[in-house]
Amino acid sequence: KLLNTNNPEQLEEIIRFFWTMRRNELDENIKSKIKIIWREMFNRLIEKEAKENFAKLIFHLSDWLALVDEIDSDVFEWSNASVKYVKEPHETWHFVENLNKHVTKTPEYVGKLLLELIKQGIYPDYKEEYLINIVSNLYKRNKKEIADRIFDVFIKSLGELNKRLIKE
């Protein structure tokens, strides 16, 4: 019923409600429904993306990366599509934190999502150690091409010490 109202404030509350539950607090019954709700919510929001109050919610759905055990092709698709709705670097705090949590399990998806964010001209400015860890893990997991592209576009600006940390 709430999804059918198409009320952006109510939809935002749904997004926030599930996000605040966090992955480790979800029981299996709710965990199994996250992707179903995510898909439905994403599709409804995309239909109304021309309206700014709906467009911003599309990116906020990517906060649900914290609710899934791994980034599969569906989650990647929704998250990748949502990146174009980011307006400011400060909006990416949860996104980068969640990418960092997923980098060991799904490094290629994580690298592609971070690269897409950077391609949009959004350079995350929070928790450099997360960014360093992501790029470092991409190198360790033989995703050199993606890591090099991220490094070339963005990481170079982090300074000499961080460059050495990444290469190690």
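Residues numbered from 1 in each chain as written. Predicted model: local features only at pLDDT ≥ 70, side-chain atom pairs only at ≥ 80, totals over all residues. Heavy atoms only, no water.

Attention now moves to the environment of Phe54. With respect to the helices and strands, Phe54 occurs in helix α4 (residues 52–60). In this structure the C-alpha to C-alpha distance between Phe54 and Glu12, which are 42 residues apart in sequence, comes to 9.0 Å. (Helix = DSSP H or I, 4+ residues; strand = E, 2+ residues; numbered from the N terminus.)

On to the packing of helix α5 (residues 73–82) against helix α7 (residues 107–119). Packing of α5 against α7 leaves a shortest axis separation of 10 Å and a crossing angle of 10°. Regarding the angle of α5 to α7, the classification is roughly parallel. In this structure, α5 uses Ser73, Phe76, Ser79 and Asn80 to contact α7, whose residues at the interface are Tyr109, Lys112, Leu113 and Glu116. Looking at the contact of α5 with α7 residue by residue, the classes come out as three nonpolar, three polar and two charged. (Axes fitted to C-alpha atoms, helices over the stretch in contact; angles between N-to-C directions. Parallel < 35°, antiparallel > 145°, perpendicular 65-115°, else oblique. Contact = heavy atoms within 4.5 Å. Nonpolar A, V, L, I, M, F, W, Y, C, P; charged D, E, K, R; others polar.)

With 89% of its residues at a pLDDT of 70 or more, the chain has an overall mean of 84. For the chain, per-element mean pLDDT is lowest for helix α10 (residues 160–167), which scores 55, and highest for α5, which scores 95. (pLDDT = per-residue confidence, 0-100.)

Before going further, it helps to examine helix α3 (residues 28–47). With 20 residues, α3 ought to run about 28 Å at 1.5 Å a step, and its terminal C-alpha atoms sit 30 Å apart, in line with that. Along α3, the sharpest kink reaches roughly 30°, centred on Ile34. Burial in α3 covers these residues: Ile34, Trp38, Met41, Phe42 and Leu45. Elements in contact with the buried residues of α3: α1 (2–5), α2 (8–21), α4 and α5. With a side-chain oxygen positioned 3.0 Å from the backbone nitrogen of Asn29, the residue opening α3 is Asp27. (Expected span 1.5 Å × (residues − 1). Bend = angle between axes of the 7 residues up to and from the residue. Buried < 20%, exposed > 50% of the residue type's maximum accessible area, 1.4 Å probe, protein only. Polar contact = N/O pair within 3.5 Å; in protein donor to acceptor, adjacent residues only side chain to side chain.)

Counted under the stated rule, the structure contains 12 salt bridges. A salt bridge links Glu13 to Arg16; the shortest N-O distance between them is 3.0 Å. Of this pair, Glu13 and Arg16 both sit in helix α2, separated by three residues, roughly a single helical turn. On the accessibility criterion, Arg16 (38% relative accessible area) is partly exposed. One salt bridge connects Lys112 with Glu108, and the closest N-O pair in it is separated by 3.2 Å. In this pair, Lys112 and Glu108 both sit in helix α7, four residues apart, roughly one turn of the helix. On the basis of relative accessible area, Lys112 is assigned to the partly exposed category, the value being 36%. The exposure class of Glu108 is partly exposed, given its relative accessible area of 32%. Members of the salt-bridge network, linked through shared partners, are Lys35, Arg39, Asp72 and Asp74. (Salt bridge = Lys/Arg side-chain N within 4 Å of Asp/Glu carboxyl O.)

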